[in-house]
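In case you want the letters, here they are:
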Amino acid sequence: MFASAVKKLLKKKKVSHQAVLTILYGGQSGNSEFLAKEAKKYLQKNAFTPRVVNMAKYDFKQLEEEQHLLVLVSTHGEGEPPESASRFYRFLFSEEAPRLNRLNYAVCALGDSSYEYFCQTGKDMDRRLRELGGTRLYDRVDCDVEFHQAAARWLSGVLAVLQNHGDEQSEAIHIEADRQRETFQAVVQEKYRLNEGSDSATFHVVLSVNHPDFSYEPGDSVSIVPRNPDSLVQLVLDQLACDKEVQVDYEGRSHSFKWLLTHSFELTTLSKGLLTRYQALVSSRGLEALLADEKELNRYLKHHDVVDLLADFPTQAGPGELVPVFRKLQARLYSIASSGNTHPGEVHLTIKQVCFSSGGRDREGACSGYLSQWLEVGESLSVQLVPNEQFRLPGQPEIPVIMIGAGAGVAPFRAFMQERAGQQVPSKNWLFFGEKRQQYDFFYREDWASWLGTGRLSRLDLAFSRDRDEKVYVQHKIRQEGTTFFEWLNQGAHVYVCGSVAMGHAVRETIRELVELAGNLSEKESENYMNSLMEEGRWHADLY
């Protein structure tokens, strides 16, 4: 039976009609999709008829027929393609990738220069499309977290080439950051620790959002811009020997420098762009040498913050000179741990507090500390909804679901189970959950026990890595339950994975190996099977 299911899943599809110009996007936070839609709007305004396609749903067989292709793709973690782009990325670098001698293309790469492999996925795709015979319409642009201006210049340049204006940019295109998503006010309704006694704190936070337009589905996330802790802000002021009340101009308004350090600038992370701007101000030989040494620079970026930078490379510059140097405070994404049908007007979050010591002082994650430590019940904050179309429950409740989560990655599966428990149709649901110690770190233990008792949760497999000498992770539990796992796959089960990038890779490889063994397939065939699960909309990953 399994072999026949494999053949059915690998069956070829018909090629659909080709569009004149295709815009392909791939990302996780929604930035690439936002830019793809903006590109479509401007191209339509200039008499082009583009189509916009998510890389996760792109039919590979269309690629060799494409004439004009715009690629907007982000980079995940340490140079990894985001899940929605991973299938297309692997195809480009596979033996099946066709020659693309008729293709004209341009790549807009999105990334974060605080990471070592900045915009790596876009760089890789740009290079590979050229290797396959494609011709660049316009040079690739590598966009940092504040991507709007760079992306607008890229799109203007692409449009000029398409209109045969040469390399000169055509109309000035303006992409507004604040048009991307609507902002809602939320109030902290409840907050408590999930794992008292554990060596790492994880919190359950309930936000109340009273707005008729705020509506989400299980699998979606919220975006939150944090507030820097007062202690860190004071350390920056001390390093600069600066009056906290001094007024400076920022984005057309006057603010106290302390207010800007608290609400507007990244202090817990550094980026190459920030260091480059700072070097232009201080002209430090030491910083110049650091910027020239890629290995040391990446090490410095990973382990230091703004206070370290100011201490290691002092400056006499005042707040007004420093404001253009700082990096804008960036939003963080958190998976929603509740169903809107079960908890209308509420958003539940699972927050793992990032806290560590380095360089003789305690440090914490900007947003995890903000949500778990500094925000009090009754205080308000701004949130934005980030839909995740690639991480949704099947439309039919009778379709089986396998959920694989580690740590705070269990959050969306609590939302899944709340949603399915409220449906009238019986469903099959299986959870693999992993953490450190069962005594402390079994998040939402009572919820899972209740759903097991009612039969809503069909199976629960647990992997607590520190409860025994030999560490056991979720991928080990999957391997142990391989026979039943494949019975569920044969029944059409959807697979969901949420957790770290490393965990996601380990889980995927474990499942691929089981597919190879159970289906009597080659390694290549089992890889095609995994790709086909994504094509069928049965493979979903939300990794961070």
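Residues numbered from 1 in each chain as written. Predicted model: local features only at pLDDT ≥ 70, side-chain atom pairs only at ≥ 80, totals over all residues. Heavy atoms only, no water.

**Notes on the packing of helix α19 (residues 501-518) against helix α20 (residues 523-535)**
Move 1: It is the contact of α19 with α20, at a shortest axis distance of 9 Å, that shows an interaxial angle of 120°. One way to sum up the angle between α19 and α20 is to call them oblique. As for the relative orientation of α19 and α20, their crossing is right-handed in sense. In this structure, α19 contributes R508, I511, R512, V515 and E516 to the contact, and α20 contributes E523, S526, E527, Y529, M530 and N531.
Move 2: Split by residue class, the contact of α19 with α20 holds four nonpolar, two polar and five charged. (Axes fitted to C-alpha atoms, helices over the stretch in contact; angles between N-to-C directions. Helix = DSSP H or I, 4+ residues; strand = E, 2+ residues; numbered from the N terminus. Parallel < 35°, antiparallel > 145°, perpendicular 65-115°, else oblique. Left-handed = near helix turned anticlockwise from the far one by under 90°. Contact = heavy atoms within 4.5 Å. Nonpolar A, V, L, I, M, F, W, Y, C, P; charged D, E, K, R; others polar.)

**Remarks on helix α8 (residues 272-282)**
Move 1: Those residues of α8 not exposed but buried are L274, L275, Y278, Q279 and V282. The arc enclosing the buried residues of α8, seen along the axis, measures out at 135°, which places them on a common side.
Move 2: Those residues of α8 that are buried are in contact with α9 (285-292), α10 (294-303), α11 (306-312) and α12 (319-322).
Move 3: Trailing α8 by a residue or two, S283 shows a phi angle of about 50°, which is positive. (Buried < 20%, exposed > 50% of the residue type's maximum accessible area, 1.4 Å probe, protein only. Arc of directions from axis to C-beta.)

**A short note on the sheet that holds strand β20 (residues 494-499)**
Sheet strands pair via backbone hydrogen bonds, and the direction of the pair is either parallel or antiparallel.
Move 1: Taken in spatial order, the five strands make up an open sheet running β19-β18-β17-β20-β21, and their pairing is parallel. Looking at which strands have only one partner, the edges of the open sheet turn out to be β19 (459-464) and β21 (539-543). If you compare each strand with its neighbour and ignore which way they point, the axes differ by 10° on average.
Move 2: Alignment of β20 against β21, held across five bridges, turns out to be parallel. By the bridge assignment, V497 is partnered in β21 with A541.
Move 3: Taken strand by strand, helix α14 (residues 411-421) contacts β17 (401-406), β18 (429-435) and β20, and its axis lies near 150° from that of β17.
Move 4: Strand contacts of helix α18 (residues 482-490): β17, β18, β19 and β20, with the helix running at about 135° to β18, the strand carrying the most contacts. (Pairing = 2+ DSSP bridges.)

**A closer look at the sheet that holds strand β13 (residues 346-352)**
Move 1: With respect to topology, six strands assemble into an open sheet ordered β12-β9-β16-β7-β8-β13, the strand pairing being antiparallel. Both outer strands of the open sheet, β12 (332-335) and β13, are each paired with one neighbouring strand and no more. Mean inter-strand twist for the sheet, computed between neighbouring axes without regard to direction, equals 40°.
Move 2: One ladder, built from seven bridges, connects strand β8 (residues 202-208) with β13; its direction is antiparallel. When the bridges of β13 are listed, L207 appears paired with V347.
Move 3: Sheet contacts for helix α13 (residues 366-374): β7 (183-193), β8, β9 (221-224), β12, β13 and β16 (380-386); angle to β12, the most-contacted strand, approximately 55°.

**Re the state of the cysteines**
Disulfides are covalent bonds that link the sulfur atoms of two cysteine residues.
Move 1: Under the counting rule described, the total for this entry stands at zero disulfides.
Move 2: Sulfur of C108: no disulfide; nearest cysteine sulfur belongs to C143 and is 3.8 Å away.
Move 3: Its relative accessible area of 0% is what places C108 among the buried residues.
Move 4: C119 takes part in no disulfide bond, and the closest cysteine sulfur to it belongs to C143, at a distance of 6.6 Å.
Move 5: Residue classification places C119 among the buried positions, given a relative accessible area of 1%. (Disulfide = S-S within 2.5 Å.)

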